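Summary of the model geometry
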Amino acid sequence: FLPTRSSTVLINLNGSLAGISWTQVYTIGPILILCMILMLGNLKNLHILSLGKEVANSLGIHIKKSEIFILGLVVVLAACAVSLVGPILFFPLIAVHFGKKIVGENPYRLAPFSIIFGAILMLFSDCLMRAIYRDQEVPVGFFIALLGAFILILATRIKKVVAI
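The residue numbers shown here count from 1 along each chain, following its written sequence. With the structure being a predicted model, the display of local features is reserved for residues of pLDDT at least 70 and the display and counting of side-chain atom pairs for 80 or more, all residues being used for whole-chain, interface and lining totals. Each side-chain value is derived from all of the structure's non-hydrogen atoms; neither hydrogens nor water enter the calculation.

Let us now look at the nonpolar core. Each nonpolar core is a collection of buried residues, namely Ala, Val, Leu, Ile, Met, Phe, Trp, Tyr and Cys, held together in the definition by side-chain atoms within 4.5 Å. Partly exposed residues are those whose accessible area sits between 20% and 50% of the maximum for their type, while under 20% is buried and over 50% is exposed, using a 1.4 Å probe and protein chains only. Formed by 26 residues in total, the largest nonpolar core has its most connected members in Ile88 and Ile144. The helix count covers DSSP runs of H or I at least four residues long, the strand count covers runs of E at least two residues long, and both are numbered beginning at the N terminus. Counting residues per element, the ones that place at least two in this core are helix H2 (22–41), helix H3 (43–50), helix H5 (63–85), helix H6 (91–103), helix H7 (107–132) and helix H8 (140–163). Counting residues per element, this core draws most heavily on H5, which supplies seven residues. Residues are treated as being in contact if the distance between any of their heavy atoms lies within 4.5 Å. Ignoring any residue separated from it by four or fewer positions in sequence, one finds Ile144 in contact with Ile88, Leu89, Phe90, Phe91, Ile94, Leu121 and Ser125.

Given below as structure tokens:
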């Protein structure tokens, strides 16, 4: 199967694991791992910042420095991930929503669980799409978008039921 221009554009717009080589993983992997370690090391500051700027300031957190550092890490992590697989819609929302339902709101349990669950979900989605469509490359982003839309609709329905 040789990809056409339209299928190449479709794969790039929806994200796919098909074009990734080990060279790319070896190049971007250390940056991703370093940024994830730095982010996990700053969970305390991130959690305190989520309580509000006044609380963070009263606890001695340098708000501007922490915000700039965490925002920089998030931008680098997102840029590395998108440069490898492309944009995959709803993927972070799915991992975090499932994580909150399973391990709760504690950031020290939620962050590692979301990372591991996100990796498992990505591998499962890619394997499923490769099993269904053996002769062609279908972007994994399609499956993730369908799953994400379903989960977000379900989450809004559950909130409405609980609020009543």
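Bringing the environment of Asp126 into the picture now. By the element assignment, Asp126 lies in helix H7. Taking the C-alpha atoms as reference points, Asp126 and Ala18, 108 residues apart in sequence, are found 9.0 Å from one another. If sequence neighbours within four positions are ignored, Asp126 has contacts with Leu17 and Val140.

Looking now at the packing of aromatic side chains. Aromatic pairs are defined between Phe, Tyr and Trp rings, using the six-membered ring for Trp, whenever the two ring centres lie within 6.5 Å; interplanar angles under 30 degrees are classed as stacked, those over 60 as edge-to-face, and all others as tilted. Throughout the structure, instances matching the rule amount to three aromatic pairs. Geometrically, the ring pair formed by Phe98 and Phe117 is stacked, given 5.1 Å between the ring centres and 15 degrees between the ring planes. Taken as a pair, Phe98 in helix H6 and Phe117 in helix H7 lie far apart in primary sequence, 19 residues in all. A residue is classified by how much of its surface remains accessible, and Phe98, at 34% relative accessible area, is partly exposed. Ring geometry for Phe113 versus Phe117: centroids 5.9 Å apart, planes at 5 degrees, classification stacked. A residue pair is termed a helical-turn pair when its members lie 3 or 4 positions apart in one helix, as Phe113 and Phe117 do in helix H7 at four residues.

This paragraph deals with H6. Here a helix's expected span is defined as the number of its residues, less one, multiplied by 1.5 Å. Taking 1.5 Å per residue as the helical rise, H6 with its 13 residues ought to reach 18 Å, and the 18 Å between its terminal C-alpha atoms agrees with that figure. Along H6, the residues that are buried comprise Phe91, Ile94, Ala95, Gly99 and Val103. Down the axis, H6 shows its buried residues gathered within 125 degrees of arc, on one side only. Of the residues trailing H6, Gly104 is marked for its positive phi of about 90 degrees. What the arc covers is the set of directions going from the helix axis to the C-beta atoms.

In this section: the packing of H3 against H5. Look at H3 against H5: their axes get within 11 Å of each other, and the N-to-C directions meet at 115 degrees. Regarding H3 and H5, the two cross each other, and that crossing is left-handed. Here Asn45, Leu46 and Leu49 of H3 come into contact with H5, specifically with Ile63, Ser66, Glu67 and Ile70. Gly falls in the polar group here, along with every residue not listed as nonpolar (Ala, Val, Leu, Ile, Met, Phe, Trp, Tyr, Cys, Pro) or charged (Asp, Glu, Lys, Arg). Its residues assigned to classes, the contact of H3 with H5 comprises four nonpolar, two polar and one charged. Here the axes come from fitting lines to C-alpha atoms, over the contacting stretch only for helices, and the angles between their N-to-C directions go from 0 to 180 degrees. Handedness of a crossing follows from how the near helix is turned relative to the far one, being left-handed for an anticlockwise turn of less than a right angle and right-handed for a clockwise one.

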